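Here's the letter readout for the chains.
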Amino acid sequence: MPKFGANLISGAALAALGLVAFVLSFRIGNSQWGAESARMFPQIVAAVLLLLSARLAFLSAPEEDNGLPEKPELSQILQLFVLGVCYIFLIGKFGFLIATFFSTAVVFRLFGLR
């Protein structure tokens, strides 16, 4: 059984909200000029919401391969925590710019980024 992606669920929820908003916009009375300008803007917004949410729901890829990297190991999480504590110490000792430069370099090395 395929898993439902977050985009599909979000798209369906937003489509339902757009449909409810479109139906409820008919409860707005006509303006005194005789045009339907009072309800036209909410209907346009609801229609755009319906179209965009349908696009989000139907064009979302299945969640077999979402392109995200694997979950980090516990050692990486602990190393990142220790780095955070060291970063707090380094800010007081060397200042924001220098501490951020070295901490960023260590984080990139830790997660294998260039």
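Our subject is the structure listed above.
Keep in mind it's a predicted model, so treat the numbers as computed, not measured.

S.K.: Mind showing me how you'd approach the overall build of the chain here?
M.R.: The number of helices and strands found in the chain is four helices and zero strands. Counting only residues that meet the buried cut, the chain has 12% of its 114 residues in that class. In the chain, 57% of the contacts between residues at least 6 apart in sequence involve partners at least 24 apart. Working note: accessible area of the chain is about 9,500 Å², and carbon and sulfur atoms make up 71% of it.

S.K.: Help me out: how do you make sense of helix α2 (residues 37–58) in this one?
M.R.: Counting along an α-helix, one turn takes 3.6 residues, and residues three or four places apart therefore face a common direction. Counted at 1.5 Å a residue, the expected span for α2 with its 22 residues is 32 Å, and the 32 Å between its end C-alpha atoms agrees. Buried within α2 we find R39, Q43, A46, S53 and A57. Angular distribution of buried residues about the axis of α2 spans 100°; they occupy a single face of the element. Exposed residues lying more than 90 degrees from the buried face of α2 are F41, L51, L52 and R55.

S.K.: What is the right way to read the environment of I9 from this model?
M.R.: By secondary structure assignment, the location of I9 is in helix α1 (residues 6–24). Separated by 48 residues in the primary sequence, I9 and A57 have C-alpha atoms spaced 7.1 Å apart.

Analysis parameters
- Residues numbered from 1 in each chain as written.
- Predicted model: local features only at pLDDT ≥ 70, side-chain atom pairs only at ≥ 80, totals over all residues.
- Heavy atoms only, no water.
- Helix = DSSP H or I, 4+ residues; strand = E, 2+ residues; numbered from the N terminus.
- Buried < 20%, exposed > 50% of the residue type's maximum accessible area, 1.4 Å probe, protein only.
- Contact = heavy atoms within 4.5 Å.
- Areas by Shrake-Rupley, 256 points an atom, 1.4 Å probe, with all protein chains shown as cover.
- Expected span 1.5 Å × (residues − 1).
- Arc of directions from axis to C-beta.

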